[in-house]
Amino acid sequence: MVDWKAYDKAKERELLAFLREAKALVDGMDEPWPRHVMGRPPYDGRGLVLAVLLKQYLRMPYRDAEAFLRASPGVRRGIGLDEVPDFKTIQRTLEKLSEAYVGELNRRLAGRFRLAR
């Protein structure tokens with residue numbers, strides 16, 4: 001018989017560990033794009049990158065990632081976002097990232113998250 005309570009706790013710990021490691025990794029990188037001083041205050045670039053990583057990690061559609069962040073204020077604040085970005089903002093973030101940034105992010109992620117045998 002499966003102990004679902006233990007399974008749920010393990011999945012929660014796994015997600016929190018991923019977010020902690022991903023945040024440390026992204027915080028150690030340069031800003032994904034330059035900050036603008038005019039116009040509406042933007043979302044934190046690193047927070048948006050972490051929202052994209054969370055979406056990919058959980059294998060969610062963009063709309064579900066927005067809903068998850070809306071339902072999880074602790075996670076949202078933990079990745080550096082005061083407000084919930086719209087699903088389209090999360091999608092545009094991935095499109096906006098340069099190939100060099102994504103390549104470096106992938107290289108660092110691969111170094112941190114090795115597949116277990």
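The coordinates are above.
This is a predicted model, so every value here is computed, not measured.

(A) Local environment of helix α5 (residues 87-96). Those residues of α5 that sit buried are Phe-87, Thr-89, Ile-90, Gln-91 and Thr-93. Residues of α5 that are buried sit in contact with α2 (45-57) and α3 (62-71). Capping of α5 at its N-terminal end is provided by Asp-86; its side-chain oxygen lies 2.9 Å from the backbone amide nitrogen of Lys-88.

(B) Just the pattern of salt bridges, in detail. Taken as a whole, this structure holds 7 salt bridges when the rule is applied. Here Arg-108 and Glu-104 are joined by a salt bridge, their closest N and O atoms 2.7 Å apart. With a gap of 4 residues between them, Arg-108 and Glu-104 both fall in helix α6 (residues 99-112), about one helical turn apart. Here the salt bridges share partners, and the residues they tie into one network are Glu-104, Arg-107 and Arg-108.

(C) Spatial organisation of the environment of Glu-104. A relative accessible area of 24% means that Glu-104 is categorised as partly exposed. Put simply, Glu-104 and Met-29 are 75 residues apart on the chain and 8.8 Å apart in space, counted from C-alpha to C-alpha. Here Arg-108 takes part through its side chain, which lies 2.7 Å from a polar atom of the side chain of Glu-104.

(D) Expanded view of the packing of aromatic side chains. A full pass over the atoms with the stated rule returns 2 aromatic pairs. Arranged with centres 5.5 Å apart and planes meeting at 85 degrees, the rings of Trp-4 and Tyr-7 form a pair that is edge-to-face. Taken together, the residues Trp-4 and Tyr-7, both in helix α1 (residues 4-27) and 3 residues apart, mark about one turn of the helix. Residue class for Tyr-7 comes out partly exposed when judged on its relative accessible area of 42%. Where Phe-18 meets Tyr-57, the ring centres are 4.0 Å apart and the plane angle is 10 degrees; that geometry is what we call stacked. Of this pair, Phe-18 sits in helix α1 while Tyr-57 sits in helix α2, placing them 39 residues apart in sequence. The class of Phe-18 is buried, set by a relative accessible area of 8%. Stacked on the ring of Tyr-62, the Lys or Arg Lys-55 has its end atom at 4.5 Å from the ring centre. Seen from the ring of Trp-33, Lys-96 lies directly overhead, with NZ or CZ sitting 4.2 Å from the centre.

About the thresholds
Residues numbered from 1 in each chain as written. Predicted model: local features only at pLDDT ≥ 70, side-chain atom pairs only at ≥ 80, totals over all residues. Heavy atoms only, no water. Buried < 20%, exposed > 50% of the residue type's maximum accessible area, 1.4 Å probe, protein only. Helix = DSSP H or I, 4+ residues; strand = E, 2+ residues; numbered from the N terminus. Contact = heavy atoms within 4.5 Å. Polar contact = N/O pair within 3.5 Å; in protein donor to acceptor, adjacent residues only side chain to side chain. Salt bridge = Lys/Arg side-chain N within 4 Å of Asp/Glu carboxyl O. Phe/Tyr/Trp six-rings, centres within 6.5 Å; stacked < 30°, edge-to-face > 60°. Lys NZ or Arg CZ within 6 Å of the ring centre and 35° of its normal.

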